[in-house]
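# A closer look at the structure
Chain by chain, the residues run as shown.
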Amino acid sequence: MIRLPALTADEQAFFARARDEPAVLNVLAERVRGRLAARLGVSVLCVDAREIRTDRESVSGMPIILPSEEMKDAWLAARFGGAGKTRCEPAPTGLTGSLDRLLTLALAESAINLGDRIVWPQAVGMALAIQNAWCEVRFFIDPGCLMNWAKTEMEKTR
């Protein structure tokens with residue numbers, strides 16, 4: 001019988017991620033879809049959720065959540081009725097602040113529901129359809145700080 005060398009920590013992390021990644025992405029995508037649909041009262045589809053490569057060295061501490069301009073437009077149009085902003089002017093942050101909070105809570109709830117046993121990717125991209133608008137959001141995550149951050153965010157809602 002041939003004895004194989006033990007897996008290195010990097011190899012173990014690779015296999016853990018391969019096993020857990022679809023669950024992470026599916027849970028986060030469903031949470032984002034559900035929260036958007038509930039708040040907007042319109043159909044929302046998650047077309048694609050995937051780990052993305054990032055040129056950022058690493059994210060430290062608080063996750064960075066970046067909804068695209070198209071997502072902000074779709075949010076404003078569905079939330080407040082009518083058309084989104086004109087192409088010349090950016091969406092007002094006062095009106096899109098609730099979108100940022102909703103996405104933050106979706107990430108925090110997903111992290112807490114999945115628990116510490118899941119290995120999170122450092123960046124997730126998600127393509128969504130809100131009514132007939134195609135848009136995307138990106139989550140840049142520091143997996144080491146995610147659970148503490150998520151608990152802090154959930155405490156803010158009480």
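Our subject is the structure listed above.
One structure accompanies this document, and this report is about it. (Residues numbered from 1 in each chain as written. Predicted model: local features only at pLDDT ≥ 70, side-chain atom pairs only at ≥ 80, totals over all residues. Heavy atoms only, no water.)

With that out of the way, let us pick up the overall build of the protein chain. Across its full length, the protein chain carries 4 helices and 4 strands. Taken from the N to the C terminus, the helices and strands of the protein chain come in the order α-β-β-α-α-β-β-α. Expressed as a percentage of its 158 residues, the buried residues of the protein chain come to 41%. When contacts within the protein chain are restricted to residue pairs at least 6 apart in sequence, those whose partners lie at least 24 apart make up 76%. (Helix = DSSP H or I, 4+ residues; strand = E, 2+ residues; numbered from the N terminus. Buried < 20%, exposed > 50% of the residue type's maximum accessible area, 1.4 Å probe, protein only. Contact = heavy atoms within 4.5 Å.)

Once that is clear, we can look at the nonpolar core. With 37 residues, the main nonpolar core has V32, L36, L103, L107, W120, I130 and F139 as its most contacted residues. Looking at this core, the elements that each hand over two or more residues are α1 (9-40), α2 (69-80), α3 (93-114), β3 (123-130), β4 (133-140) and α4 (146-156). Ignoring any residue separated from it by four or fewer positions in sequence, one finds L107 in contact with L28, P63, I65, W120, F139, I141, L146 and W149. (Core = buried A, V, L, I, M, F, W, Y, C linked by side-chain atoms within 4.5 Å.)

The subject of this paragraph is the pairing of strand β2 (residues 64-67). Only one face of β2 is buried, namely the one carrying I65 and P67, since none of I64 and L66 on the opposite face is buried. In the sheet, β2 pairs with β4 via 4 bridges, with the strands oriented antiparallel. Among the inter-strand pairings, L66 is bridged to a residue of β4, identified as R138. (Pairing = 2+ DSSP bridges.)

Per the stated rule, a full pass over the model turns up 10 salt bridges. Residues E109 and R35 are paired through a salt bridge, measuring 2.6 Å at the closest nitrogen-oxygen approach. Taken together, the positions of E109 in helix α3 and R35 in helix α1 put the pair 74 residues apart, joining distant regions of the chain. Residue classification places R35 among the partly exposed residues on the basis of a relative accessible area of 23%. A salt bridge links E69 to K72; the shortest N-O distance between them is 3.5 Å. Pair noted here: E69 and K72 are both in helix α2, with a separation of 3 residues, about one helical turn. Under the relative-accessibility criterion, E69 is labelled partly exposed at 34%. Each of the salt bridges in this network shares a partner with another, and the network as a whole consists of D48, R50, E136 and R138. (Salt bridge = Lys/Arg side-chain N within 4 Å of Asp/Glu carboxyl O.)

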